[in-house]
Amino acid sequence: MATKKTEAEAEDSEGEEPEEGAKKGKSKLILIAGAVVLLLAIGGGLMASGVLGGGDKKEEEAATEESAHAKGGKGVAKPVYYELPEFLVNLSSSTARVSFLKMSVTLELRDQEAVALVEANKPRIIDTFNTYLREMRPTDLNGSAGIHRLRDELMTRINKTIEEGLVKDILFSEIIVQ
């Protein structure tokens, strides 16, 4: 026995389907709109933090280029390096065991004119470095923290010896503690 729907029942059931379809369509639309808003919020946050967009880098490059032009140069100034002779010093020790430090250092200078100042003061720089290095103990050079402290101290001493801001960085080519 199959049951047949009356016309009224058929109209009622047809009326329900569009309502369910409309509900599904509205929920999909709300879900898509929510996803778009979420993506826009994430993108805005990333741009504001500087991860996307690179606006800060462009501004920094423009400022660097303007300062180079103001100084009469063209473009961004290239780094200037000066290599000091190799250092081999006895380290301070409270035991009978002798320890040595062998070190190769390259100085990053602020500009090409600084090379002449470093050349003129080279004996003073070497003396300053040797004096400081001979007071160090092998344990002072342990780990990356020891190397960072060494770099900071040598930077401070060389800039006080010659001229403040002359040396921008100290680069170690070789460090051997034996």
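Preceding this section is the structure that the text describes.
Residues numbered from 1 in each chain as written. Predicted model: local features only at pLDDT ≥ 70, side-chain atom pairs only at ≥ 80, totals over all residues. Heavy atoms only, no water.

**Structural notes on the overall build of the protein**
Check the secondary structure of the protein and you find five helices and four strands. Reading the protein from its N end, one meets helices and strands in the order α-α-β-β-β-α-α-α-β. Looking at the 178 residues of the protein, the share that counts as buried comes to 22%. Surface accessibility of the protein: about 13,000 Å² in total, with carbon and sulfur atoms responsible for 55%. (Helix = DSSP H or I, 4+ residues; strand = E, 2+ residues; numbered from the N terminus. Buried < 20%, exposed > 50% of the residue type's maximum accessible area, 1.4 Å probe, protein only. Areas by Shrake-Rupley, 256 points an atom, 1.4 Å probe, with all protein chains shown as cover.)

**Digging into the pairing of strand S3 (residues 99-109)**
Within S3, nine of the eleven residues are buried, which leaves it mostly tucked inside the rest of the structure. Sheet topology places strand S2 (residues 87-91) next to S3; five bridges connect them, and they run antiparallel. Bridging across to S3, Phe87 finds its partner in Met103. (Pairing = 2+ DSSP bridges.)

**Details of helix H5 (residues 143-161)**
In a regular helix each residue adds 1.5 Å, so 19 residues correspond to 27 Å; H5 covers 27 Å between its end C-alpha atoms and thus fits that length. Within the span of H5, buried status applies to Gly146, Ile147, Leu150, Arg151, Leu154, Met155, Ile158 and Asn159. Turning to H5, the residues buried within the fold contact S3, helix H4 (122-134) and strand S4 (167-177). (Expected span 1.5 Å × (residues − 1). Contact = heavy atoms within 4.5 Å.)

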